[in-house]
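Examining the three-dimensional arrangement
Each chain, written out:
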Amino acid sequence: MTREDMVWIWLSRVRGLGPGRARQLVEHFGGEEKLLAASEAELREKVGGVLAGNIWQAKNAEEIRQHVRGAWHCGQKIMTPASPEYPEALREIYDPPCALYYRGDVSLLRERGVTLIGSRRHTQYGARVTAQFSRELAQAGLVIVSGLAEGLGAIAHRAALDACGKTIAVLGNGLDVAYPAMLRPLQEEIAQKGLLLSECPPGTRAGRGTLLPRNRLLAALSEATIVTEAGEKSGTMHVVELAADYGREVLAVPGNIDSPASIGVNRLLRNGAAFALGSADVLEALGLAAEEGETAQETARASLSEEEKLVLEALALEPLSFDEIAARTKLSVSKLNSLLTMLELKGIIDQAAARVYATKS
Amino acid sequence: MLAKALSCGRQGIEGYTMRVEVDVRDGLPEVDVVGLPDAAVRESRERVRTALRNSGFTFPAAQITINLTPAEIKKEGPWYDLPIALGILAASRQAPADRLQQLLTLGTLSLDGSLGPVQGALPMLLAARAQGVRAALLPEQNARECAALSGIALYPAQTLKQAAAFLRGEEEIAPLPHLRYADIVEDVRPEVDLSSLRGQLAARRALEIAASGGHNLLLIGTAGSGKTMLARCLPGILPRMTEQEALETTVIHSVAGDVQSGLLTRRPFSAPHHTTSAVALIGGGRAAAPGEISKAHNGVLFLDELPEFPRQVLEALRQPMEDGVVTISRINARCVYPARFQLICAMNPCPCGNYGSRTRACRCTPHEVQRYLSRISGPLLDRIDMVVEMDAVEPDEVFSREAPAAEDSASVRARVERVRALQNERYKNEGFFCNARLPANRLEAACDLTKEARETLALCMKRLQLSMRGYARVLRIARTIADMAGEARVSAEHIAEAASYRGTNEKYWK
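Cut-offs used in this document
- Residues take numbers from 1 onward in each chain, read along the sequence in its written order.
- Key to labels: chains lettered from A, ligands numbered from 1, both in the order written.
- Two thresholds apply to this predicted model, a pLDDT of at least 70 for residue-level local features and 80 or more for giving and counting side-chain atom pairs, whereas whole-chain, interface and lining totals are computed over all residues.
- Only runs of H or I of at least four residues qualify as helices and only runs of E of at least two qualify as strands under DSSP, and these elements are numbered from the N terminus.
- The contact criterion used is a C-beta to C-beta distance within 7 Å, with each C-beta placed from the backbone.
- For each domain, the first and last residues come from an automatic or database assignment.
- What counts as an axis is a line fitted to C-alpha atoms, over the stretch in contact for a helix, and the angles between N-to-C directions run from 0 to 180 degrees.
- An angle below 35 degrees is treated as roughly parallel, one above 145 as roughly antiparallel, one from 65 to 115 as roughly perpendicular, and anything else as oblique.
- Should the near helix be turned counterclockwise from the far one by less than a right angle, the crossing is left-handed, whereas a clockwise turn marks it as right-handed.
- We call Asp, Glu, Lys and Arg charged. Ala, Val, Leu, Ile, Met, Phe, Trp, Tyr, Cys and Pro are nonpolar, and the rest, Gly among them, are polar.
- When DSSP finds at least two bridges between two strands, those strands are taken to pair.

**Focus on the environment of Glu223 of chain A**
You can see Glu223 of chain A is positioned in the loop between helix H11 (208–221) and strand S7 (224–227). Apart from the residues lying within four places of it in its own chain, the contact partners of Glu223 of chain A are Arg112, Gly113, Val114, Arg248, Glu249 and Leu286 of chain A.

**Re the domain arrangement of chain B**
Often, the extent of an interface is quoted as the loss of accessible area upon association of its parts. Domain assignment breaks chain B into domain 1 (2–168), domain 2 (194–432) and domain 3 (438–510). Placing a centre on the C-alpha atoms of domain 1 of chain B and another on those of domain 3 of chain B gives a separation of 59 Å.

**Comments concerning the packing of helix H3 (residues 81–91) of chain B against helix H6 (residues 160–168) of chain B**
The relative placement of two packed helices is expressed as an angle between their axes plus a distance between the axes. Residue and element names in this part refer to chain B. Between H3 and H6, the shortest axis-to-axis distance is 11 Å and the interhelical angle comes to 50 degrees. Here H6 runs oblique to H3, going by the angle between their axes. Crossing handedness for the pair H3 and H6: right-handed. Contacts from Leu82, Ala85, Leu86 and Leu89 of H3 reach H6 at Leu160, Ala163, Ala164 and Leu167. Split by residue class, the contact of H3 with H6 holds 8 nonpolar, no polar and no charged.

**What about the sheet that holds strand S9 (residues 274–275) of chain A?**
All names here are of chain A. Strand order across the open sheet formed by 9 strands is S1-S2-S6-S5-S4-S3-S7-S8-S9, with mixed pairing between neighbours. Because the sheet does not close on itself, it has two edges, and the strands there are strand S1 (77–79) and S9. Both S7 and strand S8 (residues 249–252) contribute to a ladder of 4 bridges, which runs parallel. Along S8, the bridge assignment pairs Ile226 with Leu251. In the packing of helix H8 (residues 124–139) onto the sheet, the strands contacted are strand S3 (113–117), strand S4 (143–146), strand S5 (166–171) and S7, and the crossing angle to S3 comes to about 170 degrees.

**Points about the domain arrangement of chain A**
Partitioning chain A into structural domains gives domain 1 (3–74), domain 2 (106–285) and domain 3 (296–359). Summarising the inter-unit geometry, the C-alpha centres of domain 1 of chain A and domain 2 of chain A are found 32 Å apart.

This is the structure we're talking about:
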């Protein structure tokens, strides 16, 4: 922990001083060392009486050391704009966090990543598509950044981990707090295999005041933001606005026009967001070429029985219910049952809803 | 003079024969009842006194002592009215005493002398028959439930006067014609026929598998998807009850006092509401009465809206489901009731009921869905073999003319009976009788997997993340499916189909 780091942690702990103002302050005095040397009078001149008083009061080396030790005891480390591991992407924005608490593999911040977000309330379509994008992009070597929210966020992390990919979760609460509590196991797994990141000191509970600033990190950290499903009013749309402000790519996955869960994404597309019809679109937007050649899917398809092909033909156009497939293929119920399970096991079809089957693209 | 009348009593469903001893001698007029009578037995003094007078007999103005023997058993219920009344008649020389010692009598009396029905007549007569009683006089209302008993002559009586005349030999009562079980079971029609269920091909197939292997079934579906309707079809496709099963079930219903139409030949279908208490479900109360699970013995217990049941009620189900019997202990009674039922449960997939529906949007958060699902405990889920998802059938699908006429219950039942016969043969002398009860250590041997089946099973375990319990369940269902196909070995196809009933389960409860 250098003196520069200590200055930033000091600033992060001043009541009433936001990250934007803190950065200005450091720049005004011409560096962390100069700020440390400044008198209370000089501070008052710059930021006014009350805030200067707060800053002066928080200037307590012992208390700051204790805070760092406390975080360390919770298994968390701290990085600041003065640290070499601090992500460059965050330095570009107006208000980079003064202190970032983290657990896990910090080298992930140096790799190329995409932010994958969607709403908490989602349809099964949303879940399927999110998992698919996350899996394929993770397999392509990108880091999946998301917010570890219940719903699509958690699905994105889960799919990335399951594909042995890398993932970063940016939290709006202390890293030792699990919100919602049912995601605690996933949070722990990300700490082990990926990276947990938060601006909040240990013990902070999630709230509006912490979740909204978190969104700017989600938007800024990666090169592109992909929205898989979002309704009309959603925190997801806030992230998208910020991403556009920061000049990041925004891609959206279209949904049915009559689906309330897709109103947000469809509106984004109308307003000029790029279409994400598959992971290839995302890779292309990042200037990466999608891998050519036969996918595992195609290999699997090549070795199908006549009956399995019959089922796939029926499913070619749209997802169908069990009864509909039975009516079209004229197969017996028991035969169809086992065929559908086999196709599911081979990863060629998926259950889109209760007993409704769809082909995987 | 002393007279002895043969009668019987019961504790729970266990009947026993006993004697009512009546002694009439000169002295201060009074009536004493001894031999651990409960309030209903003691009150019978007043009913008997009035009924005797109103039937034209004299009630002796003498010292009357009534003893119910064996004296150590607590006597409950009002059915000693008739033996007491006849005993008094015999002891006061208004009727012959000798015949009363051979003829078992039971029945309640009303003040005008007419006979009323008895709760649990069937188990009492079964016990009496086992102890060598060859003739019984009983109220006419109980005649139907007992008519299938052979080896004992049953004389139905309407009034005390008729009963006394029969005892004296003044009036003949025709004994009940014995009903052969095979005759009455022949024309049993199911309450709800499968042919009235439209569409839902997958669910129909699942129901047939469940019936064939005795598997417990959980139906998950949106409101209006036909879960209840499907569940009600299950008793109709289960094999016909054997005479033994019919007797066992009727005995329980007889004790519960709800037998009106004679021997139960239809498998019972018990559907307690979700506000039902644990005692009402399992059995109990002061008199240790049978609960809904015992009334569903040899039949189907249907729990609709499963997550709405209080947890403690569902937990109470676990032990009886394992053992097939439930033991109820109370201060003044300890009863063992059989409770071997097939469990079928239904629930919505989430609080709003639309999760997973293709046509309607669910507005529950994942957290709400999780909380709703977690109301059902893991141990209970472990006892449910099959999970089937249902979605509402579109109206145009229901009324479409192309839809082939659905199969009726009778033809499905014929297939189920054949598959059950196969299992009975295989599990002969093993202590269980259907695939659902196949213990884990017998699984591999009973299933005899082909090589492809093994590979598919391994793939299922990996892809569907099956637990060891899930693995056992898939094997059991696959065994049933193979039995239905009439194949000795379980093939890959059977495993794949079986996994489709388990895969959904793993989807909801990770």
